[in-house]
Amino acid sequence: MWRLRRAAVACEVCQSLVKHSSGIRGSLPLQKLHLVSRSIHRSHHPILKPQRPQLRTSFQQFSSLTNPPLHKLKLSPVKYGYQPRRNFWPARLAARLLKLRYLLLGSAVGGGYTAKKTFDQWKDMIPDLSDYKWIVPDIVWEIDDYIDFEKIRKALPNSEDLAKLAPDFDKIVESLHLLKDFFTTGHKLVSEVIEASDLLLLLGSPGETSFRATDHGSESDKHYRKVSDKEKIDQLQEELLHTQLKYQRILERLEKENKELRKLVLQKDDKGIHHRKLKKSLIDMYSEVLDVLSDYDASYNTQDHLPRVVVVGDQSAGKTSVLEMIAQARIFPRGSGEMMTRSPVKVTLSEGPHHVALFKDSSREFDLTKEEDLAALRHEIELRMRKNVKEGCTVSPETISLNVKGPGLQRMVLVDLPGVINTVTSGMAPDTKETIFSISKAYMQNPNAIILCIQDGSVDAERSIVTDLVSQMDPHGRRTIFVLTKVDLAEKNVASPSRIQQIIEGKLFPMKALGYFAVVTGKGNSSESIEAIREYEEEFFQNSKLLKTSMLKAHQVTTRNLSLAVSDCFWKMVRESVEQQADSFKATRFNLETEWKNNYPRLRELDRNELFEKAKNEILDEVISLSQVTPKHWEEILQQSLWERVSTHVIENIYLPAAQTMNSGTFNTTVDIKLKQWTDKQLPNKAVEVAWETLQEEFSRFMTEPKGKEHDDIFDKLKEAVKEESIKRHKWNDFAEDSLRVIQHNALEDRSISDKQQWDAAIYFMEEALQARLKDTENAIENMIGPDWKKRWLYWKNRTQEQCVHNETKNELEKMLKCNEEHPAYLASDEITTVRKNLESRGVEVDPSLIKDTWHQVYRRHFLKTALNHCNLCRRGFYYYQRHFVDSELECNDVVLFWRIQRMLAITANTLRQQLTNTEVRRLEKNVKEVLEDFAEDSEKKVKLLTGKRVQLAEDLKKVREIQEKLDAFIEALHQEK
């Protein structure tokens, strides 16, 4: 009993002196890293001294299964001495010599005085409890906020004042020893008196240990000394495990309450109750930096060294399930054995009042507490992945950016990569395996990337592919965290449990890691909720033999501990590298600005988007200028273009056949029939084609016409693409041909020339048409017979054998025409035979088809010359026309035909001009605007059409400035949080 009293007194004094004891290690300094993450870095950092943790400003989850490595107990040396047997009868003499009040006073004062002395020895026996401080509820650490222990300590008497009131124990002890020397035989009472004297020695003598007498006769202490160190550690670990289980429910309740409180606080801030504008969180600012970097550094080269948590693993190893446990929501699409992750997904986890998810380029929020929103989110992710994958490929390097917010989420940025495969199956592209390897290497080669290596514990470790890849990227394991999934299946199926221990300790793989974790990702049912999986995981590890037999440490299990460790490691890496990266981008910005000043001193630094806006304004101005073309210009180019298109048909198919008739009645009848056929079938369609081509030509002229010194050739490719795409989308009004057919038919029916001016204009039009056709015919004949004697003499050119045959045939046919100038357009068979025999008599072998081809050109030239002569005669025929050629040998029906054609062309051109200016130009302008809007949203188009060193330099300069500004803002916020 007196031992218990002594311990009680010592404990009371300890509580008052715990903060001011000079022998204690420290006053429990604040641990910057969490318990789990500190256990990861224990090999890199000195042993932290225990301290009382400060009040946490942000909620951190703690697991009752956290079981840090135990420290060895340091026991105080125990001294053993011989105690002689004492007689009983001197007890009465000692009782008379020692007064009761001195005994009581000496016990009280000596106990308090000696407690301080013995505390230095006791603390060596007590293990370092700083690693177990999470077991104690936070209210214990916060008790000094409510009770002022300093005032209580000052109210107690000082140990020196108490020592003054105590008697001289040295003299009392000396007297007792004199009595012991006198009496050599003793009784039991004498032994008790001597033990009392030893007690006084312990209380009063400052140089003796408090365990001198008490540890001597204890049988339990003797038994404890026989216990080996291993058994002590096992016993203490067993007690610790029971203690953890005891506080499990308490911690869960506290975590839940804390989570609800933080949710309420965030909701109040979100609603503006405190009337302040909330700043962006650190992780959101950091995620924006990474998004800008991904746009700037699409190839992921060495310029981007900012930390990310890169999640890699074999296909179906449980990567997605681990991420969903960390995000606390089933957000990813899933399939039984099918590759679902087809492109990298960057997930930014941050704390917020509501559990929601949203994409970087979308304002829609998905409520992760509702199953319909979860299904919609998974469907949207799957659609985005399939959109990123190009045709003929299976995976894509393009990243999908997703933000997940919720109460209690650990702040970090994770990138989920496609699972590494060993064999390309049917339905996959042949280069799928190499593409996945290249994407994984691109992310892991970042020296500041944290590699979260996921290994399936339910399959043989030898089948793993990802471990070799991770070993290549991080051979020393300084930034790799190894996670063994499906441990519940592994414990059931693996014959040797020690194999799991070898895997989790990194002895089975050549891969080294910063930390090793084991998790359970559910029972294999895709419909399980995150809460159900977490409860199953906690229950499994509480009952697991792997934990009870110390094959796994408590801090190495559960996704909760994993998320805490990864978050701490992530922020540690961010704090160590972000300022260095900011300095690197400052240097890059200076180099780019210097290069721009040297190469483009007088130009603005316009990036691709700004250049596109400038080009867009120029294109729209040019389209507006198209609507300002004068009606006269439109009609002139339309009439000229239409005649060029139909002139051959008019002369060859209408005029020439009609001119072969014998009288004017037959001529007019033939012309009317052929004009009617032409108007019904071909003419309206030809007119619309001409109008559409004319609009394209004018539009192209405005788009490509240089604008003087202000013309920027960097826009030429863009303008050409806009022009082609706009014309491709434009379709002429379908009803234009029907209305145009009626107008053209009515115009050709009219034969009444009202005045001499119109008659002269028709003659002039006819002469131009015939002269142009005659010129073309003469060129065809010249090409057929070769150069004449002048060209042969001046330019030393000779005729070919074929040209000589054509020339002889032409000469023979011209003789025939001279004999009969009114010869019809076609040769008879006997005439062909006659020409052939005449040529053969001169030694020229000729084919009948060659004679027909030569006759066609020769007769055409003869007919056109005759028609031109007749046209000159008709200049004075307007008077006879008014009299309907009565009593006149002059008949100018061909002039009337060309007047009808000319009038039809003018009316058609006017009608087409009205359609252009009133309808088609506006529709084309609308198409141009739509094309520009589509190009504005297509970044690949802009990169392809706006190219060059100047554009790329301005683009890089803008991105680097944006990255530097965001990094500076993030660093400032990071320092403020500290």
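Above this text sits the structure in question.
Just so it is clear, the structure is predicted and the values come from calculations on it, not from any experiment.

Oppositely charged side chains may form a pair once their charged atoms are brought near each other. By the definition in use, this model includes 42 salt bridges. Arg-645 serves as the salt-bridge partner of Glu-693, at 2.5 Å between the closest nitrogen and oxygen. Taken together, the residues span a long stretch of sequence, with Glu-693 in helix α25 (residues 683-704) and Arg-645 in helix α23 (residues 631-659) at a distance of 48 residues. Residue classification places Glu-693 among the partly exposed residues on the basis of a relative accessible area of 34%.

What follows concerns the side chain of Lys-319. Along the chain, the position of Lys-319 falls in helix α13 (residues 319-327). The residues touching Lys-319, leaving out its near neighbours within four places in the chain, are Val-311, Val-312, Gly-313, Asp-314, Asp-416, Leu-417, Pro-418, Gly-419 and Ile-454.

With that out of the way, let us pick up the environment of Lys-614. One can find Lys-614 in helix α22 (residues 608-626). Accessibility expressed as a relative area gives 38% for Lys-614, which makes it partly exposed. The spatial distance from the C-alpha of Lys-614 to the C-alpha of Phe-715 is 9.2 Å, given a sequence separation of 101 residues. Apart from the residues within four sequence positions on either side, Lys-614 is in contact with Leu-606 and Phe-715.

For the rest of this paragraph, the subject is the environment of Ser-752. Within the element layout of this structure, Ser-752 appears in the loop between α27 (736-749) and α28 (756-785). Ser-752 sits 129 residues away from Tyr-881 along the chain, and the two C-alpha atoms are 9.6 Å apart. The contact partners of Ser-752, leaving out residues within four places of it in the chain, are Tyr-881 and Trp-899. Among the polar contacts made by the side chain of Ser-752, one reaches the side chain of Asp-750 at a distance of 2.7 Å.

A few words now on a nonpolar patch on the surface. Taken together, the side chains of Trp-789, Trp-793, Leu-794 and Tyr-795 make up a nonpolar region of the molecular surface, amounting to roughly 610 Å² of accessible area. Mapped onto the fold, Trp-789 is located in helix α29 (residues 789-795). Using a relative accessible area of 56% as the deciding quantity, one classes Trp-789 as exposed.

Residues Trp-643, Tyr-655, Trp-678, Leu-695, Trp-759 and Ile-901 are the most contacted members of the largest nonpolar core, which totals 100 residues. Broken down by element, the residue count for this core peaks at 17 residues, all from helix α34 (residues 893-937). Grouped together as the second largest cluster of nonpolar side chains are 70 residues, Ala-357, Ile-400, Phe-517 and Ala-973 included.

Calculation notes
- Residues numbered from 1 in each chain as written.
- Predicted model: local features only at pLDDT ≥ 70, side-chain atom pairs only at ≥ 80, totals over all residues.
- Heavy atoms only, no water.
- Salt bridge = Lys/Arg side-chain N within 4 Å of Asp/Glu carboxyl O.
- Helix = DSSP H or I, 4+ residues; strand = E, 2+ residues; numbered from the N terminus.
- Buried < 20%, exposed > 50% of the residue type's maximum accessible area, 1.4 Å probe, protein only.
- Contact = heavy atoms within 4.5 Å.
- Polar contact = N/O pair within 3.5 Å; in protein donor to acceptor, adjacent residues only side chain to side chain.
- Patch = residues over 30% accessible without salt bridge, like charges linked within 9 Å, V, L, I, M, F, W, Y side chains within 5 Å.
- Areas by Shrake-Rupley, 256 points an atom, 1.4 Å probe, with all protein chains shown as cover.
- Core = buried A, V, L, I, M, F, W, Y, C linked by side-chain atoms within 4.5 Å.

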